[in-house]
Amino acid sequence: MLVPFIFAHFPMQQATPHKIKDNTFWLTPERCIYWEEQQVLILSDLHFGKTGHFRKAGIGVPQSVFKEDLQRLFTLIQFYKPTQLIIVGDMFHSVANKEMELFTRWRNDLPATRFQLIKGNHDILNNNFYTAAGIEIMDGCLQTHGFGFIHDPSAICNEPANNDYFFTGHIHPGVRINSGSRQTLSFPCYYFGKEFAILPAYSKFSGYVPVKPKRGDTVYAIVNQSLVKLK
């Protein structure tokens, strides 16, 4: 069995298995899921180009933030060797900028890896860009092997009734943890409900919004580059 550790330029981190419908999904502290049976990496809300968008607006966000996100993804791909990536929306943040050129050069180093993007509300680049970058795009929902992939969890109700379990993004979920002394701390998280999951934003430059788990839901907080399962 695969021992899920991440090496390369980042400290070694252990992933956590989560079972859904007899499939194993390895949750990494790097905000990305490896679907073992299909050899697929699942991630959401990368927001590539966001730091460049801020710099164009005169806000001094260093490009190193974007480069680190790319390096983390390259490390994950090199370790897990997926046949494809499924990106559940908001791969890019806005209109084209110089960071898109850096991404395209990076993408050219991975010609054998298939990229599928379910477009999110921020994915507004011209379709010619996606084609040139080797990214397959689709609006709405991708459904395969008993699972669905859609950007906004509120849009699931618009899909035909079936038994698919959905992976979503958009919300950038976080969770509050009581740290004692009447204090709480907030962390990004993976959220698993009865019918769908919400992935944390892959981009560390994106914030997160606290979610309120219901009875029976499962939440994994990302705390200091480790995963903490909450009861």
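Residues numbered from 1 in each chain as written. Predicted model: local features only at pLDDT ≥ 70, side-chain atom pairs only at ≥ 80, totals over all residues. Heavy atoms only, no water.

A. Examining the confidence of the model for the chain more closely. Overall, the prediction assigns the chain a mean pLDDT of 85, with 82% of residues at 70 or greater. Taken together, the stretch residues 1–12 has pLDDT below 50 and engages in 32 contacts with residues farther than four places along the chain or on a different chain. In the predicted structure, residues 52–62 sits below a pLDDT of 50 and forms 17 contacts with residues beyond four places in sequence or in another chain. (pLDDT = per-residue confidence, 0-100. Contact = heavy atoms within 4.5 Å.)

B. Expanded view of the packing of aromatic side chains. Inspection of every chain in the model, using the stated rule, returns 20 aromatic pairs. For the pair F149 and F167, a centre-to-centre distance of 5.5 Å together with 15° between the ring planes defines the contact as stacked. Of this pair, F149 sits in strand 11 (residues 147–150) while F167 sits in strand 12 (residues 165–168), and the two are 18 residues apart along the sequence. Here F149 and F167 have matching classes, each one buried. (Phe/Tyr/Trp six-rings, centres within 6.5 Å; stacked < 30°, edge-to-face > 60°. Helix = DSSP H or I, 4+ residues; strand = E, 2+ residues; numbered from the N terminus. Buried < 20%, exposed > 50% of the residue type's maximum accessible area, 1.4 Å probe, protein only.)

C. Molecular detail of the environment of L230. If you trace the backbone, L230 turns up in strand 18 (residues 226–230). By relative accessible area, L230 is classed as partly exposed at 22%. Residues L230 and D217 lie 13 residues apart in sequence; the distance between their C-alpha atoms is 9.4 Å. Setting aside its immediate chain neighbours within four residues, L230 contacts V175, I177, V219 and A221.

D. A look at helix 3 (residues 98–107). Listing the buried residues of helix 3 in full gives E99, M100, F103, W106 and R107. Taken down its axis, helix 3 places every buried residue within 120° of arc, on the same side. Along helix 3, exposed side chains directed more than 90 degrees from the buried face belong to K98 and R105. (Arc of directions from axis to C-beta.)

E. Representation of the environment of G140. Within the secondary structure, G140 sits in the loop between strand 9 (135–138) and strand 10 (141–144). Along the sequence, G140 and G120 sit 20 residues apart, while their C-alpha atoms lie 8.7 Å from each other. Among residues more than four places away in sequence, those in contact with G140 are I118, F149 and I150.

F. Molecular detail of the environment of N162. Take N162: it is sitting in the loop between strand 11 and strand 12. Given the relative accessible area of 37%, N162 is considered partly exposed. Between the C-alpha atom of N162 and that of F147, which follows or precedes it by 15 residues, the distance is 9.9 Å. Here the side chain of N162 touches D164 through a polar contact of 2.9 Å, landing on its backbone nitrogen. (Polar contact = N/O pair within 3.5 Å; in protein donor to acceptor, adjacent residues only side chain to side chain.)

G. Highlighting the pattern of salt bridges. Evaluation of the coordinates by the stated rule reveals three salt bridges. E30 serves as the salt-bridge partner of R72, at 3.4 Å between the closest nitrogen and oxygen. Of this pair, R72 sits in helix 2 (residues 64–80) while E30 sits in the loop between strand 4 (23–27) and strand 5 (33–35); the two residues are 42 residues apart in sequence, bridging distant segments of the chain. Of the two residues examined, R72 and E30, each falls in the buried class. The partner of E136 in a salt bridge is R114, and the shortest N-O contact between them spans 2.7 Å. Of the two residues, E136 sits in strand 9 while R114 sits in strand 8 (residues 114–118), which places them 22 residues apart along the sequence. The network of salt bridges with shared partners includes E30, D69 and R72. (Salt bridge = Lys/Arg side-chain N within 4 Å of Asp/Glu carboxyl O.)

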